[in-house]
Amino acid sequence: MALQERDEVASSPAKAGKSIVDLLRDDHQRLEGWFQSIVTDAASGHQDNLRQSWCAFEGELSGHLDAEELHIIPLFTKDHPHEARTLLDEHLQIRSKLLALGIDLDLHCLHADRVDTFVAELRAHAHREDQLLHTWAHQHLGEASSQKIRDTLTAAKDKARIASHQSEWRIDGDRSPFHFSLRHIVVHEIAGQFIRWGGTLWLDNGDWTRSKITAWIDLGSIETGDQERNAHVKSPEFFDVGHFSKARFVSREVQVCDPRTAVVRGPLRLHGRSGDVDLLVVAVEEAVPSDKHRVFDVNGSINRQQFGLRWNQDLDRAGIVLGDQVTLHVRVQLNRVKQP
């Protein structure tokens, strides 16, 4: 063990406040309460209640995973690399299923049996962590790590609490064209769109910086105007929709530029990888203002190489076929779901 890389040794566990194991077990108990709520709401078919419970549960579960991945597992890996890799793989599976179930909730097709299965898997994972990871952390980490974990968990709870007091708006995918383009050396540019996508905005009218947006994209719904090209983009050489059928964006930060403009930053999960994306969001002025829907223009770009989308083709004289920068333009219509 490299003692200098740890904030305190086993002989000096957390002295102030709750220990790491107590903090994380308390958080497991809080999550257990959300487990019960979402199972009950899913079984009863109350979609509004289920959505509210799910949003809070999703936020707190993500915060719990973040706390472990940031402050415990990197050090745990030094002593138990195989067990740490197994836990990280389980975290990845949990996040992937959380994404899939959240999308199903948006599409009103989240069934109670799938929720039951997911909750059972989470409980089994929590039990393994209690026996393995949390016990190790109690023995080897001290108050400095405990405080970092406490801060991460508190931030996740605060975000969930703030979201519950914000107005909720749903992306109307049918009225929100999602366009993209990238350079092509032969035809100059490939332009296309995604037909199926959606998401939710939690809007804080008092402070836009506390707003949050999540969005998902069905990668199999890509349309480029050429059936052969569509099939190739969906194939294992590019998106590989058989393994990575959806992409998801979750905002982490909102910077307000002026009363109509903001920059939204957050991770995009695409093709099994995550990378930060900046989106310029501009409110569209409507001839007849409405408190039931809002319209925004969203523009941004991503580097496809960042997400492992590396397919290309060399030409003898002209060089590579595809550019790396993909430009995004979306006209988003949002419909109000819930008042704050």
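Above this text is the structure in question.
About the thresholds
Residues numbered from 1 in each chain as written. Predicted model: local features only at pLDDT ≥ 70, side-chain atom pairs only at ≥ 80, totals over all residues. Heavy atoms only, no water. Axes fitted to C-alpha atoms, helices over the stretch in contact; angles between N-to-C directions. Helix = DSSP H or I, 4+ residues; strand = E, 2+ residues; numbered from the N terminus. Parallel < 35°, antiparallel > 145°, perpendicular 65-115°, else oblique. Contact = heavy atoms within 4.5 Å. Nonpolar A, V, L, I, M, F, W, Y, C, P; charged D, E, K, R; others polar. Phe/Tyr/Trp six-rings, centres within 6.5 Å; stacked < 30°, edge-to-face > 60°. Buried < 20%, exposed > 50% of the residue type's maximum accessible area, 1.4 Å probe, protein only. Salt bridge = Lys/Arg side-chain N within 4 Å of Asp/Glu carboxyl O.

S.K.: Please give an account of the packing of helix H5 (residues 112–131) against helix H6 (residues 133–140) that cites residues and values.
M.R.: Remark: H5 packs on H6, axes separated minimally by 3 Å, with the N-to-C direction vectors making an angle of 30°. Regarding the angle of H5 to H6, the classification is roughly parallel. Two secondary-structure elements touch here, H5 through Arg-128, Glu-129, Asp-130 and Gln-131 and H6 through Leu-133, His-134 and Thr-135. A breakdown of the residues in the contact of H5 with H6 according to their chemical character gives one nonpolar, three polar and three charged.

S.K.: Which residues make up the packing of aromatic side chains, and what values go with them?
M.R.: All chains considered together, the criterion is met by nine aromatic pairs. When the centroid spacing of 6.3 Å and the interplanar angle of 35° are considered together, the rings of Trp-54 and Phe-118 count as tilted. Taken together, the positions of Trp-54 in helix H2 (residues 47–71) and Phe-118 in helix H5 put the pair 64 residues apart, joining distant regions of the chain. Classification of Phe-118 by relative accessible area gives buried; the value is 3%.

S.K.: Outline the pattern of salt bridges, supporting the account with residue identities and numerical values.
M.R.: Inspection of every chain in the model, using the stated rule, returns 19 salt bridges. The salt bridge involving Arg-128 is made with Glu-90; its shortest N-O contact spans 3.1 Å. Within this pair, whereas Arg-128 is found in helix H5, its partner Glu-90 is found in helix H4 (residues 81–106), the two being separated by 38 residues in sequence. By relative accessible area, which is 15% here, Glu-90 ends up buried. Here Arg-265 and Asp-278 are joined by a salt bridge, their closest N and O atoms 2.7 Å apart. Residue Arg-265 is located in strand S9 (residues 261–270), and its partner Asp-278 is located in strand S10 (residues 273–283); the two are separated by 13 residues in the primary sequence. For Asp-278, a relative accessible area of 37% translates into the label partly exposed. In this structure, a network of salt bridges that share partners links the residues Asp-66, Glu-69 and Arg-95.

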